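Chains, contacts and geometry: an overview
Listed below, chain by chain, are the residues.
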Amino acid sequence: MGIYWKLIWAYIKIGIFGFGGGYAMLSLVEKIVVSDNSWISEQMFTDIVAISQMTPGPIGINSATYIGFVAPGSYDPALASPLWGILGSILATLAVTVPSFFLVLYSSHFIRRHQESGVIKAIFSGLRPVVVGLIASAAIMLMNSANFNPNGETSQLTASILICVAAFCLVYFPIKLKNRTIKFHPILVIILAGITGYLLYGI
């Protein structure tokens, strides 16, 4: 049962210190869940991140729910039952959201009262680039063999890089056709990537 206390404490820390939103906190989550405690493997972590991005809701909360579900069974095979997983999901989700809720509640009230303060403006001027750096570090962290080349095959690495580049281009660059400008919706790109993956690796 000690895994549940560890989950609660881990996600309280993530909820308090996970500045910049879900993507920015991924590096912190990976360090606590994978590197420090080995509750899940790197491969499973990247899979959970992918699922958390595709399902509705914030990635930080979604990943907490998924990790809370699988961590107990990975930590102790006696806790592999879905009921123990559901308990872990509930505890991890509450632990990551409750501290953030009260912090945002208080900080929004404080910032609203002091929004013209030079000190507050200076603090936010320093925080903005830090958030960009945290998101960039999460992106670099996910550029690993578990995402791009889990089977160690050169062909799979090449295909994964091409899918990554194509997805970026479709989402970021609009396509001009005659008098129309088409920009692909991220959901459509996710569906197309899933179909491509199935055609390449599933058949």
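Provided above is the structure to which this section pertains.
Residues numbered from 1 in each chain as written. Predicted model: local features only at pLDDT ≥ 70, side-chain atom pairs only at ≥ 80, totals over all residues. Heavy atoms only, no water.

This part is about the layout of surface pockets. Roughly 1600 Å³ of volume is contained in the largest pocket. The set of elements that each furnish at least two residues to the lining of the largest pocket consists of α2 (22–36), α3 (42–54), α6 (118–141), α7 (145–148), α8 (154–172) and α9 (186–202). Classifying every residue of the lining of the largest pocket gives 26 nonpolar, 8 polar and 1 charged. (1 Å grid on protein atoms, 1.4 Å probe; cavity = no way out; pocket = protein on both sides within 12 Å on 5 of 7 lines; lining within 4 Å. Points joined across faces, edges and corners; volume = space filled by probe spheres on them. Helix = DSSP H or I, 4+ residues; strand = E, 2+ residues; numbered from the N terminus. Nonpolar A, V, L, I, M, F, W, Y, C, P; charged D, E, K, R; others polar.)

Let us look at unusual backbone geometry. The residue Ser38 is not glycine, and still its phi comes out positive at about 55°. Locating Ser38 in the fold gives a position in the loop between α2 and α3.

Our focus in this paragraph is the nonpolar core. As a rule of thumb, nonpolar side chains are buried together in soluble globular proteins. Tyr11, Leu26, Val29, Val33, Phe45 and Ile67 are the most contacted members of the largest nonpolar core, which totals 28 residues. Elements that contribute at least two residues to this core include exactly α1 (2–17), α2, α3, α4 (59–75), α5 (82–113) and α6. Those residues in contact with Ile67 that sit more than four places away from it in its chain are Tyr11, Val29, Val33, Ile40, Phe45, Ile48 and Pro72. (Core = buried A, V, L, I, M, F, W, Y, C linked by side-chain atoms within 4.5 Å. Buried < 20%, exposed > 50% of the residue type's maximum accessible area, 1.4 Å probe, protein only. Contact = heavy atoms within 4.5 Å.)

Geometry only, nothing functional implied.
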